[in-house]
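Now for the letters of each chain:
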Amino acid sequence: MKMHTMVVGLVAATFSMIAMAQAPIVIKFSHVVAADTPKGKASEFFAKRAAELTKGKAKVEVYANSALYKDKEEMEALQLGAVQMLAPSLAKFGPLGVKEFEAFDFPYIFDDTADLHKITQGPIGAGMLAKLEPKGIKGLAFWDNGFKSFSANTPIKAPADLKGKKLRIQSSKVLEEQIRSVGGLPQVMAFSEVYQALQTGVVDGTENPISNLYTQKMHEVQKHLTLTNHGYLGYAVITNKKFWEGLPADVRGQLEAAMKEATAYANKIAQEENDMSLEGVKKSGKTTVYVPTKEERMAFKKAMAPVHVKMADRVGKDLLQSIYKETGFDPNKL
Ligand code: LMR
């Protein structure tokens, strides 16, 4: 080999080694909702702060709207290490075998965000995240979205208005029971398929925090929305445990700091985003928004109260009692 060729080869190899040494750690962050939602915005915020705090050593790539994976597939992808971060809704952990998370699905268990934070920001929440570790998953934080409301093509003022309706829910046994408690027919379906199912009449209605309804344009294919606020939908930000523990300690610390900031941001904007979405729904004129009276709200609460008794064993009576103790909710006192 000529001297010149050897030198060129050596220089090229050196450059590629330097490039490899400096290549950022890529973190694929996949989620199923639109970019302009609480989760969408918080994941972008995390990506930006991760780049800044790690000084480019980590690069978070956010994939919104099920661009990489649908609901169920994303969890498998995380466990396999094909994607490094997710923020699935809390209802998505039951099918994984961590049934305690379905406690969040119980109707009316939280009156407001202050009640919710007693759990997600306290020891009960931390204990729940720890239950993910045997599944190869590290729980990093809870991110808020908001309270769900029912929509359909017919008015919803009383539980009886949902009787016989096919209602899309997430894959949660507690949510199934919740729909049955009002005489509805629960239909489990991936989030990315809901718009079309509503449009084509495969299902009659669904439940969503308003930001999800609006950003998926579901209000364009639902004539009625009633602000029942009957249950909570929020997220656990999770990562592949092996991946996370294998990160250089400095990078992991910087990412933890970025996550702390992103969590504060997520929980600050969640209500605002839902309020803005509600304005958008109203302005569109496509859906009639109904605010139930105190009595009507109580009728939904009473109709759904038996879910707490029927499903207590599934999530654990002790866990449920410890949540009631924090929030003051008592299904027997309705
Ligand atoms: C749903 O399936 O309705 C939600 O999990 C979507 C989401 O991530 O907010």
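Anyway, here's the lowdown on the structure attached to this text. (Residues numbered from 1 in each chain as written. Predicted model: local features only at pLDDT ≥ 70, side-chain atom pairs only at ≥ 80, totals over all residues. Heavy atoms only, no water.)

This brings us to the overall build of the protein. Across its full length, the protein carries 14 helices and nine strands. Compactness check: the protein gives a C-alpha radius of gyration of 22 Å against a globular reference of 20 Å for 334 residues, within 12% of the reference. Viewed in the frame of its principal axes, the protein has a C-alpha envelope of about 90 × 45 × 30 Å. The long-range fraction of contacts in the protein, counting pairs at least 24 apart against all pairs at least 6 apart in sequence, stands at 76%. In the protein, 44 side chains carry a positive charge and 37 a negative one; their mean positions are 2 Å apart. (Helix = DSSP H or I, 4+ residues; strand = E, 2+ residues; numbered from the N terminus. Rg over C-alpha atoms; globule rule 2.2 N^0.38 Å. Contact = heavy atoms within 4.5 Å. Lys, Arg positive; Asp, Glu negative; His and termini not counted. Charge placed at Lys NZ, Arg CZ, Asp CG, Glu CD.)

This paragraph deals with the site of the ligand. For the ligand, the full set of nearby residues is Val-32, Val-33, Lys-39, Asp-71, Ser-89, Lys-92, Arg-168, Gln-170, Phe-191, Asn-212, Leu-233 and Tyr-235. Between the ligand and Asn-212, the relevant distance is 2.8 Å, taken from an oxygen atom to a side-chain nitrogen or oxygen of the residue. Separating an oxygen atom of the ligand from a side-chain N or O atom of Tyr-235 is a distance of 2.5 Å. When the free accessible area of the ligand is taken as 270 Å², the share hidden by the protein chains comes to 99%. (Near = heavy atom within 4 Å. Polar contact = N/O pair within 3.5 Å; in protein donor to acceptor, adjacent residues only side chain to side chain. Areas by Shrake-Rupley, 256 points an atom, 1.4 Å probe, with all protein chains shown as cover.)

Our next topic: unusual backbone geometry. You will see that Lys-55, though not glycine, has its phi angle at about 55°, which is positive. Along the chain, the position of Lys-55 falls in the loop between helix H2 (38–53) and strand E2 (58–63). Take Lys-55: its relative accessible area is 74%, and that puts it in the exposed class. If you check the backbone angles, Ser-66 has positive phi at about 55° while not being a glycine. Turning to its location among the elements, Ser-66 is positioned in the loop between E2 and helix H3 (71–80). (Buried < 20%, exposed > 50% of the residue type's maximum accessible area, 1.4 Å probe, protein only.)

Note on aromatic pairs: each is described by the distance of the centres and the angle between the planes. Counted under the stated rule, the structure contains ten aromatic pairs. Arranged with centres 5.8 Å apart and planes meeting at 50°, the rings of Tyr-324 and Phe-329 form a pair that is tilted. Each member of the pair, Tyr-324 as well as Phe-329, is classed as buried. Each member of the aromatic cluster is reached from another via a ring pair, and the members are Phe-93, Phe-101, Phe-104, Phe-110, Phe-142, Phe-147 and Tyr-232. (Phe/Tyr/Trp six-rings, centres within 6.5 Å; stacked < 30°, edge-to-face > 60°.)

Let us look at the side chain of Gln-84. Structurally, Gln-84 can be placed in the loop between H3 and strand E3 (85–86). Within the structure, the side chain of Gln-84 is placed 3.4 Å from the backbone oxygen of Gly-81, a separation counted as a polar contact. Discounting residues that sit within four places of it in the chain, Gln-84 has contacts with Val-26, Ile-27, Lys-28, Leu-78, Ile-238, Thr-239, Asn-240 and Phe-243.

For the coordinates displayed, the defined rule picks out 23 salt bridges. The shortest N-O distance in the salt bridge between Asp-330 and Lys-333 comes to 3.9 Å. It is possible to trace a salt-bridge network through shared partners that takes in Lys-173, Glu-176, Glu-177, Arg-180 and Lys-310. (Salt bridge = Lys/Arg side-chain N within 4 Å of Asp/Glu carboxyl O.)

Inspection of the secondary structure puts Lys-163 in the loop between strand E4 (137–152) and strand E5 (166–169). When the C-alpha atoms of Lys-163 and Ser-211 are compared, they prove to be 26 Å apart, with 48 residues separating the residues in sequence. Setting aside residues no more than four positions away along its own chain, Lys-163 makes contact with Val-182 and Gly-183.

Further remarks concern the nonpolar core. Counting residues in hydrophobic clusters, the biggest one holds 50 residues, and the most contacted among them are Phe-101, Phe-104, Phe-110, Leu-132 and Ile-238. The element best represented in this core is E4, accounting for five residues. Leaving out residues up to four positions away in the same chain, Phe-104 has contacts with Leu-90, Ile-109, Phe-110, Leu-116, Ile-119, Thr-120, Met-128, Phe-142 and Tyr-232. Core analysis: the next-biggest nonpolar cluster, separate from the first, contains 40 residues, Val-32, Ala-58, Leu-213 and Trp-244 among them. (Core = buried A, V, L, I, M, F, W, Y, C linked by side-chain atoms within 4.5 Å.)

Glancing now at the pairing of strand E1 (residues 25–30). Inspection of the sheet shows E1 paired to E2 by six bridges, in the parallel sense. When the bridges of E2 are listed, Lys-28 appears paired with Glu-61. (Pairing = 2+ DSSP bridges.)

Let us look at helix H14 (residues 317–327). For H14, the complete set of buried residues consists of Leu-319, Leu-320, Ile-323, Tyr-324 and Thr-327. Summarising the axial view, the buried residues of H14 lie within an arc of 135°, below the 170-degree limit, and thus occupy one face. Exposed residues on H14 whose side chains face more than 90 degrees from its buried face are Asp-318 and Lys-325. Contact partners of the buried residues in H14: helix H4 (113–120), helix H5 (123–130), helix H12 (306–310) and helix H13 (312–315). Within two residues after H14, Gly-328 carries a phi angle of roughly 85°, on the positive side. (Arc of directions from axis to C-beta.)

It is worth spelling out the pairing of strand E8 (residues 224–240) at this point. Along E8, 16 of the 17 residues are buried, which leaves the element largely enclosed by surrounding structure. Of the pairings in the sheet, the one linking E3 to E8 comprises two bridges and is antiparallel in character. Note on E8: the bridge partner recorded for Met-85 is Thr-239. Pairing geometry for E4 and E8, over twelve bridges, is antiparallel. Each bridged residue has a counterpart across the sheet, and for Ala-152 the counterpart in E8 is His-224. Where E8 meets strand E9 (residues 288–290), three bridges bridge the pair, whose relative direction is parallel. Bridge pairing links Thr-226 to Tyr-290 in E9.

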